[in-house]
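An overview of the molecular structure
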Amino acid sequence: MFELIEYSGAARFPMRAGRLRVPDDRGDNRAMLFIPGLGGSVKGALDFLEQLQPAYPTIYGPDLRGFGLNPLETPLTGADLLLPDLEAFYQQVILPAGHQELVLCGISLGGVLATLLAARHPERFSKVILMAPAYKPHPKTFTLSYTLINTLAFLLKGKKALTQLPYGMDALTTNPAVLNDTQYLHMEPLILNAGFLLGVRDLCQKAFSEIRQLRLPTMMVIPGQDVVCDPAAMRAAFARIPEQTANVCQEYPDFYHDVLFEAEHPRIAEALLQWVDQSVSLASSLSSI
């Protein structure tokens, strides 16, 4: 069952999130916090998330400010409220629910935010799943000239400077079912505030640095054909994670950036559930030693 949740984001801004729940007679109170990426929505990930409900009966999906369920502030002028919004969601919605386990999962920019949350608040989460985390833009798409032009526009125009992202849907997936879907078929690249993109870049750089502090079992999903975010930076970030027996890096050589749009995304759900089972078994065996 999918339902909408309302809460107060940073600066008391009205926000919406999605929640998936299935009836459970076993008293299973495990949950997942799923963070969508730039321009994305939990509603676009429902097919994937429903496959995870045997392990996590409750899955939360707080869409980022300005996107998906929260298109109330457009264009965004800064990225400084993205993390405070998630903090507000945790305090108002997740913490009162008293879940016995909370797994953190994020895709793209959501993976960056998940990295920062897990590194700074490890006591809140049991595991972390990072899918195509956006630690560094792909240089073939986000060229040096693109970056310089937008930086200059921001310096000259400030909050009035707008820019169009240098990629469209065909850079996110090769799945014809998605590309021919009426809601995506004629979708133009996002137009965003240049200052917002600079703020996002700062968050990405911080996440790449702070991943060294990650002390939780971590699964990273890397799409080999990603031309939006740099797969090499994802591999380098995974190598920075302090060694944990339960860490795993899953590479999909033929996948594009939005791995949940790819036709074979059930492979990710299967690998994730298998990893969860293995890490749980490992933790149980270590606790008995």
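So, here's what we can say about the structure. (Residues numbered from 1 in each chain as written. Predicted model: local features only at pLDDT ≥ 70, side-chain atom pairs only at ≥ 80, totals over all residues. Heavy atoms only, no water.)

Details of the sheet that holds strand β10 (residues 248-252)
A sheet is described by the order of its strands in space; here eight strands give the open sequence β1-β2-β4-β3-β5-β6-β9-β10, paired in mixed fashion. Both edges of this open sheet fall to β1 (2-8) and β10, since each of them pairs with a single strand only. Between one strand and the next, the sheet's axes are offset by a mean angle of 20 degrees, whatever the strand orientation. The sheet contacts of helix α2 (residues 82-97) involve β1, β2 (14-21), β3 (30-35), β4 (58-61) and β5 (101-107), and relative to β1 the element is tilted by about 115 degrees. Running over the sheet, helix α8 (residues 231-240) touches β9 (218-223) and β10 and is turned about 165 degrees from β9. (Pairing = 2+ DSSP bridges. Helix = DSSP H or I, 4+ residues; strand = E, 2+ residues; numbered from the N terminus. Axes fitted to C-alpha atoms, helices over the stretch in contact; angles between N-to-C directions. Contact = heavy atoms within 4.5 Å.)

Here's the deal with the state of the cysteines
Applying the stated rule across the entire model yields zero disulfides. Left unpaired, cysteine 229 is separated from the closest cysteine sulfur, that of cysteine 204, by 7.0 Å. Cysteine 249 carries a free sulfur, and the closest cysteine sulfur to it, the one in cysteine 105, is 15 Å from it. In this structure cysteine 249 comes out as partly exposed when scored by relative accessible area, which is 28%. (Disulfide = S-S within 2.5 Å. Buried < 20%, exposed > 50% of the residue type's maximum accessible area, 1.4 Å probe, protein only.)

Structural notes on α8
Within α8 the residues assigned to the buried category are Pro231, Ala233, Met234 and Ala237. In an axial view of α8, the angular spread of the buried residues amounts to 155 degrees, which keeps them on one side of the axis. Of the surrounding secondary structure, the elements contacted by the buried residues of α8 are α7 (194-210) and β9. Sitting at the head of α8, aspartate 230 places a side-chain oxygen 3.0 Å from the backbone nitrogen of alanine 232. (Arc of directions from axis to C-beta. Polar contact = N/O pair within 3.5 Å; in protein donor to acceptor, adjacent residues only side chain to side chain.)

Considering the packing of aromatic side chains
One pass over the structure, following the stated rule, counts eight aromatic pairs. Ring geometry for tyrosine 7 against phenylalanine 89: centres 5.0 Å apart, planes inclined by 70 degrees, an arrangement best described as edge-to-face. With tyrosine 7 in strand β1 and phenylalanine 89 in helix α2, this residue pair connects regions lying 82 residues apart in the sequence. Judged on exposure class, the residue tyrosine 7 and its partner phenylalanine 89 are both buried. These aromatic residues form a ring-pair network of at least three members: Tyr7, Tyr60 and Phe89. The lysine or arginine in question, arginine 30, covers the ring of tyrosine 56, its NZ or CZ lying 5.7 Å from the ring centre. Against the face of tyrosine 90 rests arginine 124, its NZ or CZ located 4.1 Å from the ring centre. (Phe/Tyr/Trp six-rings, centres within 6.5 Å; stacked < 30°, edge-to-face > 60°. Lys NZ or Arg CZ within 6 Å of the ring centre and 35° of its normal.)

Looking at unusual backbone geometry
Of note in the backbone geometry, alanine 11 takes a positive phi value of approximately 60 degrees without being a glycine. Here alanine 11 lies in the loop between β1 and β2. Of note, the phi angle at arginine 12 is positive, near 60 degrees, even though the residue is not glycine. Note that arginine 12 resides in the loop between β1 and β2.

What about the nonpolar core?
Where a protein is soluble and globular, its nonpolar side chains tend to be buried together. Grouped together as the largest cluster of nonpolar side chains are 62 residues, with contacts concentrated most on Leu33, Ile35, Val112, Leu113, Tyr135 and Phe196. When near neighbours in sequence (up to four residues on either side) are disregarded, leucine 33 contacts Tyr60, Pro62, Phe89, Ile94, Leu102, Val103, Leu104, Cys105 and Phe125. The next biggest cluster of nonpolar side chains, apart from the first, holds 31 residues, and it includes Leu52, Ile107, Ala269 and Leu272. (Core = buried A, V, L, I, M, F, W, Y, C linked by side-chain atoms within 4.5 Å.)

Examining the packing of helix α3 (residues 109-120) against α7
Across the interface, α3 lies against α7 with an axial gap of 9 Å and an inter-helix angle of 50 degrees. Comparing the axis directions of α3 and α7 gives the class oblique. Crossing of α3 against α7: the hand is left-handed. Between α3, through Leu109, Val112, Leu113, Thr115, Leu116, Ala119 and Arg120, and α7, the contact on the second element is made entirely by Val200, Leu203, Cys204, Lys206, Ala207 and Glu210. Taken together, the residues of the contact of α3 with α7 break down into nine nonpolar, one polar and three charged. (Parallel < 35°, antiparallel > 145°, perpendicular 65-115°, else oblique. Left-handed = near helix turned anticlockwise from the far one by under 90°. Nonpolar A, V, L, I, M, F, W, Y, C, P; charged D, E, K, R; others polar.)

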